[in-house]
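These are the residues of each chain, in order.
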Amino acid sequence: MHSIQVKPLSSNTKWILFSIIILGVLFQSNGQAIEISYQDGVLTIPLKDELRKNNLQFELDTVDVTSLIQFTKNAVKITLVKALGLRSHQLKIYQLIKGNLQELSQYDFNIDKTELPTHLSDFKIETSLSAATTLLDSTKNSPHLDWSFDANSVISSEWQIDEWTIDTQSDLFFDKNYRNNNQHMIELGDYLINASMDNLSIQLGHHQIPDSSLVLDGFHQRGLSSTWHSDAEDKTLTGFVFNSQSITGFRNGLGLGNKNARIIGANAKFKPFEDHEDTEFNLMSLQGKHQMQSNEINQGSAWSISAKSKLLKQRLNIETELAQSLFDPDSQGMSAKKAGRAYKLLMYYNPLLKVSNDDENPKDTSSDDSSGDVAEIEFCLEKRWISPSFYSLANAALSNDLDSQLVSATYSKNGLSLSASLEMQSDNVKHDPIKNTINNKLISTSLDYTPSNPDNAQPQAWGEPRFGLSFSSSEQKSVDLPKGEEEIDKTVQTIEVSADFTYDTWDWNTRLSYDTSNDKSGHTNNTTNTELSFGIHKQFTESTQVSAQWQIDKQRWKSTAMNVALKDDLTLQLLILDGSTQLIKDKLNLSGSMTWSEQRRPQQLEQRSNTVALGLSWNNQKNSTQTFSPEVWLKGQYSQSEDFFAMQTRTKTYQLMTGLSVAF
């Protein structure tokens, strides 16, 4: 066994992109002195006799790094994906002889803190600039050209500092009116700094906690979070502090300085059972304040505990959660705070899920069947109960005052997919006598069918088809109606039939939908709406294509309010044509569109309009690898409309615009 102690050549390199060079000392191997160097993530070994053999395999810290090897004239270089850490390392060299690996050499070395590399491994700036002005405008008499400017940059970098890997990304944008809105001329948009080392990661900037719950869901703001996970990844701890408002700009800094707009919280996930890795618990807690535009300050706290597990050989998935909040909507003190509770139960059951015969460690093997005719079925049951006073600053979109039950099922086989769901909702779960309690019943069904194409056979003349049929119904009805409140009794139903056909160079589709709205309470009009559409797209060449879309919409409404029967019909038609081609390959592009619309009542034309638009763009980009890409464009538009409602009026407008865009 050979031993090598790596020592730094110099520590005064922080001025050169934080690059630290590590050189190895001499050691004895077969009577020869060998010098190993480690610089900026590259381990270099002089090319001695033992390394000139064929079928060599290199192993660094039990990891095969043979694919990272590069032979030069005098050395072997290993370009590491990740920098070596603060510990002992071992490099082994094997040779494959008649199918067996034989060890040739083993080198042990240590790296001290002063010997870790610090360098910038990647840096990129993507910038786009654009300027535009209107040359002709029929609505303006002034010949003055008013230019508009827009610019933004995305700056990204990757650093290796000691054992830390740091990724950064920031968005910068230019606003010429910065003095009018109290901003900098060049302002900061979203940014994110992500640093990771072994089991620890830190994020600073605009991001969100990936774990969702009744307390925190989809909360994407500027802030700081840190996550640690165990080696077995069965335990995860996350702490975070976020700004409660959506902010950008340099002025807001880290976004954590405003105590009236700050949310602090923690999240812990753990798997307590070693013999059942599918069982996981999640604890979430947070508190903070949020400043409204009216300068009122909402403050409160919330916590939740949730668990999820897989039973019956992973066929049954169960998720449950209990949450509680203490919220003050107007910062009037502890006496004004209201306590709220919420819970949910979610169950998925897949009776046809194929699993292995290993009872201790079953796994999904349904994907192993490549026949394509395996049936899949899944049942779902969801229960949510949220009290009227439950509120979390990190999940403001959650509907409170709700009691809902959802049952759904899906089935698929041989290109056939069928789904159905029934949801019963009731608000005012406390049955407040001064509130109108409304029950909602939501029904949804859909059927999709895509005929299989065995052995990739040539599609028929009408292309590869896909058919769809869907139906939905929504019913709202008052249950506990306080005195003086208006009764609600409304039903909305929609049915839609669709067909899509795809061929090599063209495709077409058609859709028919019919929906009705019936208000038995008489507060709104009863309506029916029938819509038919047809679309086609044709690709003539790689750069030439055309498309057309036609739609007709017939609307009818009827009112019985105040015992007076009123009704009306309206027909809307819309036709859109689009096309584009290249006049000069990879240089000059031409695009055009035409839109025609008509609005008509029985025996009466009310309105008709059409718009024609043409555009030319010159792009100097020669190939996809060119970094500088300027584009000059010219667009023109002509519109004409006729209104026959009161008296015939005709309006014509035109506009000619030009601009320059640069990306590099």
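Quantities reported herein were computed from a predicted structural model and do not represent experimental measurements. (Residues numbered from 1 in each chain as written. Predicted model: local features only at pLDDT ≥ 70, side-chain atom pairs only at ≥ 80, totals over all residues. Heavy atoms only, no water.)

Novice: Tell me about the overall build of the chain, and name the residues and values.
Specialist: Assigned secondary structure in the chain consists of 0 helices and 39 strands. Out of the 664 residues belonging to the chain, those deemed buried represent 31%. For the chain, restricting intrachain contacts to residue pairs at least 6 apart in sequence, the fraction spanning at least 24 positions comes to 52%. Of the roughly 39,900 Å² of accessible surface on the chain, 53% is carried by carbon and sulfur atoms. (Helix = DSSP H or I, 4+ residues; strand = E, 2+ residues; numbered from the N terminus. Buried < 20%, exposed > 50% of the residue type's maximum accessible area, 1.4 Å probe, protein only. Contact = heavy atoms within 4.5 Å. Areas by Shrake-Rupley, 256 points an atom, 1.4 Å probe, with all protein chains shown as cover.)

Novice: Go over the packing of aromatic side chains with me, naming the residues and quoting the values.
Specialist: Inspection of every chain in the model, using the stated rule, returns 9 aromatic pairs. The interplanar angle of 85 degrees and the centroid separation of 5.8 Å between the aromatic rings of Phe219 and Phe242 together place this pair among those described as edge-to-face. In this pair, Phe219 is assigned in the loop between strand E18 (200-208) and strand E19 (220-229) and Phe242 in strand E20 (residues 235-243), connecting sequence segments 23 residues apart. Relative to Phe501, the ring of Phe467 lies with its centre 5.8 Å away and its plane at 80 degrees, an arrangement referred to as edge-to-face. With Phe467 in strand E30 (residues 464-480) and Phe501 in strand E31 (residues 489-502), this pair connects stretches of sequence that are 34 residues apart. Residue classification places Phe467 among the partly exposed positions, given a relative accessible area of 34%. Phe501 gets classed as buried once you look at its relative accessible area, which sits at 10%. Taken together, the ring pairs connect Phe467, Phe501, Trp508 and Phe534 into an aromatic cluster. A cation sits over an aromatic face here: Lys538 above Phe540, 5.7 Å from the ring centre. (Phe/Tyr/Trp six-rings, centres within 6.5 Å; stacked < 30°, edge-to-face > 60°. Lys NZ or Arg CZ within 6 Å of the ring centre and 35° of its normal.)

Novice: An account of the pairing of strand E16 (residues 164-174) is requested, with residue identities and associated values reported.
Specialist: The pairing of strand E15 (residues 148-161) with E16 spans 11 bridges and is classified as antiparallel. Residue pairing in the sheet places Ser157 in a bridge with Thr168 of E16. The hairpin turn running from E15 into E16, its antiparallel successor, is 2 residues long, and Asp162 in that turn takes a positive phi close to 55 degrees. As judged from the 9 bridges shared by E16 and strand E17 (residues 186-197), these two strands associate in the antiparallel manner. Residue pairing across strands places Ile166 opposite Ala195, the latter belonging to E17. (Pairing = 2+ DSSP bridges.)

Novice: Give a description of unusual backbone geometry that names residues and reports values.
Specialist: Note on backbone geometry: most residues besides glycine have negative phi, and most peptide bonds are trans. Look at Thr62: it is not a glycine, yet its phi comes out positive at around 70 degrees. On the secondary structure map, Thr62 appears in the loop between strand E8 (56-60) and strand E9 (63-64). Its relative accessible area of 68% is what places Thr62 among the exposed residues. The residue Asn428 is not glycine, and still its phi comes out positive at about 55 degrees.

Novice: I'd like a rundown of the side chain of Asn267, residues and numbers included.
Specialist: Residue position: Asn267 is located in strand E21 (residues 262-270). Owing to a relative accessible area of 3%, Asn267 belongs among the buried residues under this scheme. A distance of 3.0 Å separates polar atoms of two side chains, one belonging to Asn267 and the other to Asp211. When sequence neighbours within four positions are dropped, the list of residues in contact with Asn267 reads Asp211, Thr236, Leu237, Thr238, Asn282, Leu283 and Met284. (Polar contact = N/O pair within 3.5 Å; in protein donor to acceptor, adjacent residues only side chain to side chain.)

Remember, this is a structural readout, not a statement about activity or role.
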